Amino acid sequence: MLLEIEDIHVHYGKIAALKGISIAVDEGEIVTLIGGNGAGKTTTLKTISGLRPLTSGRITFAGQDISKMPGHKRVLAGIGQAPEGRGIFPGMTVHENLLMGAYARKGEVKAELDEVYDLFPRLAERRTQAGGTMSGGEQQMLAIGRAMMTKPKVLLLDEPSMGLAPMLVAQIFEIIQKINERGTTVLLVEQNAQQALQLAHRAYVIETGRVVKSAPASDLLDDPEVRAAYLGGDLGVDGDAPQDGEPAAKEGQVATPNGDASTREGA
Amino acid sequence: MRPKLVRLGGIAAAGMAISLGLAACGGGSGGGKGGEGATELTIGVMGDLTGPDRALVIPPANGAELAVEEYNKKNPKVKVKLKRYDTQGKAEQAVNQVNQAIKKDKIAALIGPAFSSESRAVNPILQTNKIPSVTPSATATDLGKSGWKYWHRVVANDDAQGPQLAEFVLRTAQPKKAFMLSDQGEYGVGLAKSVGDTMKAKGVQIAEDKVDAQASDVSSTVAKIKSFQPDFIFAGGYYSFTGKMLKQIRDAGITALYASGDGSVDPALVDAAGKEQADNVVLSCACKIPFKSTATELKTFADAYKAKWNTDPLIYGTEGYDAANAILKAIEAGATTSEQINEKLKATDFAGVSKQIKFQENGEIATSLIYVYKVTKGEISLLGEADKAALQ
Amino acid sequence: MFQEFLNQFGTNTVGGLTAGAIYALVALGYTMVYGVLRLINFAHSEIFMIGTFAALFVVLQFGITAPTGLAMVGVLVMLILVAMAASGGAAVLLELAAYRPLRKRGASRLAALISAIGASFFLQELFKLVIIQPVFDKPGGNQIGSPRFLGRETLFSIGDTKVQLYHVIIVVSAIIMMIVLDQTVTRTKIGRGIRATAQDPETAVLMGVNIDVIVRMTFLLGGAMAGVAAVLYLGAYENTKFDIGFLLGVKAFTAAVLGGIGNLRGALLGGFALGLLENWGAAFFGSTWRDVIAFTVLVIILMFRPTGILGESLQRARA
Ligand SMILES: Nc1ncnc2c1ncn2[C@@H]1O[C@H](COP(=O)(O)OP(=O)(O)OP(=O)(O)O)[C@@H](O)[C@H]1O
Ligand SMILES: [Mg+2]
């Protein structure tokens, strides 16, 4: 296992946000965490990144116990995150935001920059624009690109589809898949369960700080309880979702409203 | 000087109440205050001995102690013990201390209190208990108008300084245009106004500015002075302010005669202004400080003081010595009770170190002398009495 | 009144710029710490005070009196280095002792402010009661004068207004330091770390920024700027005192708010604006009104531009 979280408890003051969560992510996987508002998804990612301290439990990463490692060191160890709400530095340009991703690293950043600009041609066009003035979709691309600049072994994504138009969501998901195919492990938090489950290999369902289900993503797509709770008892956000029963393998069953997502052919 | 002048008016009233209670307890026996056949009397010296303004009180206390020591060496019939009472400059504490001095130590007379605010609180208590006092340094004018029968001071009051300094400058330097500069405190503003009013009455053209003593940049005031082109500048305030102003005024190339009052009579003025800039500054004070004077009586006192205390007598040192001597001479002349000491003080007339010690009916010193000083090469020296001295 | 104001306009402008340069340098410390920690570092005025005493110590120790030409530049550079080290070091220690423990415990901002006020008084009393007397052999409460180390030669005159060497040195030094700091924050890695932390501290951690290091660097840089200000102050006004920082600190903080707190360039602008306003106002209405005028203008500006003249802050500033 690349990343293993064992029975972690996390508190905000006296309030318990995580009450014993265990999650494992293997190298090369896309794993998704789904759950309702306030379930503890963001808290889980923050704890993995070291922004929240553990009350108890253990986090191991690449064979090393990182439970007590300070947050800024976990970045160098290989944990990159695009946080909820994107966390763009509003006063910095796109380029500076990307360079921030390489802040802790020594040496050249050219190769990574090229790769990010290749993944997100839009960012290359907007290099000198202030991060704060970008559109929501562009900011999300920037957040993911910036996380990639940390050269992560595992990429934590917290609701990358939040607030985006369906077309953009599809595009973002395609890029996530591409990133994964190029060798980066992904832990994806989503409320957009339909598409997350179609993209991911495995999934965990979290409710009020506990894991209530864990299974291959395709199984959960068919799970009546999950469908009722997170998939609106029906299909995804738009009518173009794949047919019922069709396996949601990672080979491109992403819901795409139209042919705009042409980049996926290039993967 | 009058750093503690502004105090709560209520304190005097509180002091009065306490003194009434005390008189009741004492039963009017007057027993402890000496008495016929006593062989030792206690007198007190009171003021801020450890507080922020102790620099104004330690020299007079030390001067008084020197006087007592000299007196006892003469092997008098009645010896005198001097006791120090520390008020830390607080009127409340002065009331506590005086009650203790009267009840417990049964003092026969008091030198002090040092400050006017303390005096307002303590003097009524002394009055009730019929204990005479001589203050070396409380200069508020109202003290002399309170009708106290046991109160005296050996220093001129605040009304004297401004006019006498102004007259001195008018006589010796004949200014045509004078600039009145002050900090924004009551003392500095009042003194500058008094100097300015006297000069204005004599036809001198006056301009003024009041500066925040804490401000670092005073260039606008300096510019104002420069454009007014005065031939005399008076600065009201304490040495750190007047010194700082002096420095910037000289640095701006203004060469007008510069004078300040008792708040600036301190070697630290030279520190604040710089040695060069402080040259030729004129200072006035109701106090007489020997500095390096060669006048016999001053030098004798200064040498004895230095021998005992290992430091030069500074502000109010001579007045403390004279105040103690006024009381000691009364005792030497046979007074053994507070009442008798007070009687003899009324008739006192002797040549003190600071001046002729003779009191008016109301306890004020007979002649309100103001002394002028001048800074030369970083040293303050005494020029003499303001109405006679020349400005060399 | 107006005639007088016009007569003294030039002199007051020169004096105002000189004072403003010093306000601006001190304002930087307030602005940087506020930008990064949202904390008003109340004790920054004492960091400045410590700088003046460090510089004074060197001046007296080496018996420096009125150097000229290159020697003066040498003295100035040496004093600036010493005072930067002293003030910067003191600021770092201050952060370590007074703020870090609170931050680690996640204490409220109010608690940090109280701690800051306490630290301010502590440092004043420490100097007054413990340090000044043995080091300078003068009573700790005294104002202590400094020998001259910035020349007073008149460089040029504009009408009646003489511009003296020290005016130019102070304004130019302040601007140079501003540029150095601005470039440090814009171009260096530590500067990017500072800006990232100011804009979004949590995300900064996700970039591998060590917040503790950044906070320390912020205090160090702000303190060092106060050290430069301290040397220029001592050169201009040639005295210092244990509580010298108080009023100056209030003014510098005002300058920071005036320019837009959290904004480095705003601090420069606010400093000069305040220095000029004070002097012009004092000339017009009398020195008694000096502070009143300055603060009235502050209130008016904040009424119409609550975020200060430049408005932006370090959080959003692009540079
Ligand atoms: N800073 C905080 N202080 C106190 N409680 C918090 C804080 N942040 C989160 N919580 C609480 O912790 C619980 C988990 O929150 P978390 O943000 O992890 O949920 P989430 O699953 O990410 O929700 P969402 O889908 O709405 O983002 C919630 O009950 C939330 O109210
Ligand atoms: Mg969340």
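Everything quoted here is computed from the prediction, not taken from an experiment.

*Asks:* Is there a simple way to think about the interface of chain C and chain B in this case?
*Replies:* Frequently, the measure chosen for interface size is the accessible area removed from exposure when the parts meet. Of the residues lining the interface, 31 residues belong to chain C; the matching set on chain B comes to 26 residues. Together, C:Gln143, C:Tyr237 and C:Ser287 form the three largest contributors to the area buried by chain C at its contact with chain B, with a combined 25%. Counting the contacts that link chain C with chain B gives 5 salt bridges. Notably, a salt bridge pairs C:Arg152 with B:Asp251, separated by 4.0 Å at the nearest N-O pair. Counting across the chain C and chain B interface gives 13 residue pairs in polar contact (both at pLDDT 80 or more). Elements that contribute at least two residues to the side of chain C that touches chain B include exactly helix H2 (9-37), strand S3 (161-164), helix H9 (211-237), helix H10 (245-259), helix H11 (264-285) and helix H12 (290-304) of chain C. Looking at the side of chain C that touches chain B, the element that brings in the most residues is H2(C), giving 5 residues.

*Asks:* Please explain the pairing of strand S2 (residues 154-158) of chain C as it appears in this structure.
*Replies:* Both faces of the sheet carry side chains from a regular strand, because those side chains alternate between them. Residues and elements named next belong to chain C. Two strands pair when backbone bridges link them, and S2 and S3 are joined in this way by 4 bridges, in the antiparallel orientation. From the neighbouring strand, Ile158 faces S3, where its bridge partner is Thr161. Between S2 and S3, which pair antiparallel and follow one another directly, the connecting turn spans 2 residues, one of which, Gly159, has a positive phi of 60 degrees.

*Asks:* Is there a simple way to think about the confidence of the model for chain A in this case?
*Replies:* One rule of thumb: low pLDDT means the predicted coordinates there are not for detailed reading. Mean pLDDT over chain A works out to 87, with 87% of the residues at or above the 70 mark. Scored below 50 in pLDDT, residues 234-267 of chain A makes 58 contacts in the model with residues more than four places away or belonging to other chains.

*Asks:* Just checking my understanding: could you explain the site of ligand 1 for this structure?
*Replies:* All names here are of chain A. Near ligand 1, the surroundings consist of 13 residues, among which Lys41, Thr42, Thr43, Glu84 and Gln191 are the closest. In the model, an oxygen atom of ligand 1 is placed 2.8 Å from a nitrogen or oxygen of the Gly40 main chain. Gln191 is positioned with one of its side-chain polar atoms (N or O) 2.7 Å from an oxygen atom of ligand 1. Its free accessible area being 620 Å², ligand 1 has 61% of it covered by the protein chains. In terms of residue count, helix H1 (residues 41-49) provides more of the shell around ligand 1 than any other element does, 3 residues in total.

*Asks:* Help me understand the coordination of the magnesium ion (ligand 2), please; the structure alone is not making it clear to me.
*Replies:* Tetrahedral metal sites with four donors have an ideal angle of 109.5 degrees; octahedral sites with six donors have ideal angles of 90 or 180 degrees. Residues and elements named next belong to chain A. Distances from the magnesium ion (ligand 2) to its protein donors, Thr42 (OG1) and Glu84 (OE), fall within 1.8 to 2.2 Å. On the criterion of sequence distance, the pair formed by Thr42 in helix H1 and Glu84 in the loop between strand S6 (79-82) and helix H3 (94-101) is long-range, its members being 42 residues apart. With relative accessibility at 17%, the residue Thr42 sits in the buried group. Residue classification places Glu84 among the partly exposed residues on the basis of a relative accessible area of 38%.

*Asks:* Any chance you could explain the sheet that holds strand S10 (residues 210-216) of chain A here in plain terms?
*Replies:* Strand pairs in the sheet, formed through backbone hydrogen bonds, run parallel or antiparallel to each other. All names here are of chain A. Spatially, S6-S7-S8-S3-S9-S10 is the arrangement adopted by the 6 strands of the open sheet, whose pairing is mixed. Of all strands in the sheet, those bounded by a partner on one side alone are S6 and S10. Each strand of the sheet is rotated relative to its neighbour by a mean of 20 degrees, with strand direction disregarded. Sheet topology note: the strand S7 (residues 154-158)/strand S8 (residues 185-190) ladder contains 5 bridges and is parallel. Opposite Asp158, over in S8, you have Val189 as the bridge partner. Strand contacts of H1: strand S3 (30-35), S6, S7, S8 and strand S9 (202-207), with the helix running at about 150 degrees to S7, the strand carrying the most contacts. Of the strands in this sheet, S6 and S7 are in contact with helix H6 (residues 136-149), which crosses S6 at around 170 degrees.

*Asks:* Where do I start with the environment of B:Ser354 in this structure?
*Replies:* Residues and elements named next belong to chain B. Within the secondary structure, Ser354 sits in the loop between strand S11 (349-351) and strand S12 (356-358). Given the relative accessible area of 1%, Ser354 is considered buried. Distance from Ser354 to Pro290, taken between C-alpha atoms, is 8.9 Å for residues 64 residues apart in sequence. When sequence neighbours within four positions are dropped, the list of residues in contact with Ser354 reads Lys288, Thr318, Glu319, Asp322 and Tyr371. In this structure the side chain of Ser354 is engaged in a polar contact, spanning 3.3 Å, whose partner is the side chain of Lys355.

*Asks:* What's the story with H10(C) in this structure? I'm lost.
*Replies:* Owing to its 3.6 residues per turn, the α-helix brings residues three or four apart onto one side. All names here are of chain C. The end-to-end C-alpha separation of H10 is 20 Å, in line with the 21 Å expected for 15 residues at 1.5 Å each. Counting buried positions over the 15 residues of H10 gives 12, a clear majority of the element. Residues of H10 that are buried: Gly245, Leu247, Leu248, Gly249, Lys251, Ala252, Thr254, Ala255, Ala256, Val257, Leu258 and Gly259. Directly beyond the C-terminal end of H10, a positive phi value near 115 degrees is found at Gly260.

*Asks:* Sorry if this is basic, but what is going on with the pattern of salt bridges here?
*Replies:* Two side chains bearing opposite charge may form a pair once their charged atoms approach each other closely. Counted according to the given criterion, the structure contains 43 salt bridges over all chains. A salt bridge links C:Glu202 to A:Lys46; the nearest nitrogen and oxygen atoms lie 3.2 Å apart. Here C:Glu202 is found in helix H8 (residues 201-206), whereas its partner A:Lys46 is found in helix H1 on a different chain. Across the pair B:Glu208 and B:Lys210 runs a salt bridge whose closest N-O atoms are separated by 3.5 Å. The exposure class of B:Glu208 is exposed, given its relative accessible area of 51%. Residues joined by salt bridges that share partners form a network here, namely B:Asp217, C:Lys251, C:Glu278, C:Arg290 and C:Asp291.

*Asks:* Help me out: how do you make sense of the interface of chain C and chain A in this one?
*Replies:* Taken residue by residue, the interface counts 23 residues in chain C and 25 residues in chain A. Here chain C and chain A share an interface that buries about 2,100 Å² over both sides, 62% of which is from carbon and sulfur atoms. The tally of links from chain C across to chain A stands at 2 salt bridges. A:Glu96 is paired through a salt bridge with C:Arg195; the nearest N and O atoms lie 2.9 Å apart. Counting across the chain C and chain A interface gives 5 residue pairs in polar contact (both at pLDDT 80 or more). Among the secondary structure elements, those contributing two or more residues to the side of chain C that touches chain A are helix H7 (189-199) and H8 of chain C.

*Asks:* I tried to follow the environment of B:Ile365 on my own but got confused; where do I start?
*Replies:* All names here are of chain B. With respect to the helices, strands and loops of the structure, Ile365 is situated in the loop between S12 and strand S13 (371-376). Note on Ile365: relative accessible area 0%, which makes it buried. For the pair formed by Ile365 and Ala268, sequence separation is 97 residues and the distance between their alpha carbons is 29 Å. Excluding its chain neighbours within four sequence positions, the residues that come into contact with Ile365 are Arg153, Val154, Val155, Ala156, Lys355, Gln356, Ile357, Lys358, Phe359 and Gln360.

*Asks:* What exactly am I supposed to notice about the domain arrangement of chain B here?
*Replies:* Residues and elements named next belong to chain B. Taken domain by domain, chain B holds domain 1 (31-157 + 297-357) and domain 2 (159-285 + 371-385). With 8 residues of domain 1 in contact, the opposing surface of domain 2 contributes 7 residues. For the pair domain 1 and domain 2, the summed buried area comes to about 590 Å², and 54% of that belongs to carbon and sulfur atoms. The three residues of domain 1 that bury the most area against domain 2 are Thr141, Asn157 and Ile315, which together make up 47% of that side's buried surface. Where domain 1 meets domain 2, there are 0 salt bridges. The interface formed by domain 1 and domain 2 includes 4 residue pairs in polar contact (both at pLDDT 80 or more). Of the residues assigned to the side of domain 1 that touches domain 2, the class counts are 4 nonpolar, 3 polar and 1 charged.

*Asks:* Any chance you could explain the packing of H7(C) against H9(C) here in plain terms?
*Replies:* A pair of packed helices is captured by two measures, namely the crossing angle of their axes and the spacing between those axes. Residues and elements named next belong to chain C. Viewed as axis vectors pointing N to C, H7 and H9 meet at an angle of 105 degrees, and their least axial separation amounts to 10 Å. The angle between H7 and H9 places the two elements in the roughly perpendicular class. Contact with H7, carried on its side by Ile190, Gly193, Ile194 and Thr197, involves Ile211, Val213, Ile214, Met217, Thr218 and Leu221 of H9 and no other residues of that element. Along the lines of polarity and charge, the residues of the contact of H7 with H9 split into 7 nonpolar, 3 polar and no charged.

*Asks:* What am I meant to see in the sheet that holds strand S14 (residues 379-385) of chain B here?
*Replies:* Residues and elements named next belong to chain B. Taken together, the 7 strands give an open sheet; going across it, the order is S7-S6-S8-S9-S10-S13-S14, and neighbouring strands pair in mixed fashion. The sheet terminates laterally at strand S7 (205-210) and S14, the two strands that pair on one side only. For this sheet the average axis-to-axis angle between neighbouring strands, irrespective of direction, equals 25 degrees. As paired strands, strand S6 (residues 177-182) and S7 are joined by 6 bridges and run parallel to one another. Its bridge partner lying in S7, Lys177 is registered against Gln205. On top of the sheet, helix H5 (residues 158-173) reaches strand S8 (232-236), strand S9 (257-260), strand S10 (282-285), S13 and S14; it is set at about 145 degrees to S10, its chief contact. Contacting S6, S7 and S8, helix H6 (residues 186-201) runs over the sheet at an angle of about 165 degrees to S6.

Rules of the game
Residues numbered from 1 in each chain as written. Chains lettered and ligands numbered in written order. Predicted model: local features only at pLDDT ≥ 70, side-chain atom pairs only at ≥ 80, totals over all residues. Heavy atoms only, no water. Contact = heavy atoms within 4.5 Å. Buried area = accessible area lost by both parts, 1.4 Å probe. Salt bridge = Lys/Arg side-chain N within 4 Å of Asp/Glu carboxyl O. Polar contact = N/O pair within 3.5 Å; in protein donor to acceptor, adjacent residues only side chain to side chain. Helix = DSSP H or I, 4+ residues; strand = E, 2+ residues; numbered from the N terminus. Pairing = 2+ DSSP bridges. pLDDT = per-residue confidence, 0-100. Near = heavy atom within 4 Å. Areas by Shrake-Rupley, 256 points an atom, 1.4 Å probe, with all protein chains shown as cover. Donors = N, O, S within 2.8 Å, 3.2 Å for Na, K, Ca; no water. Buried < 20%, exposed > 50% of the residue type's maximum accessible area, 1.4 Å probe, protein only. Axes fitted to C-alpha atoms, helices over the stretch in contact; angles between N-to-C directions. Expected span 1.5 Å × (residues − 1). Domains from an automatic or database assignment. Nonpolar A, V, L, I, M, F, W, Y, C, P; charged D, E, K, R; others polar. Parallel < 35°, antiparallel > 145°, perpendicular 65-115°, else oblique.

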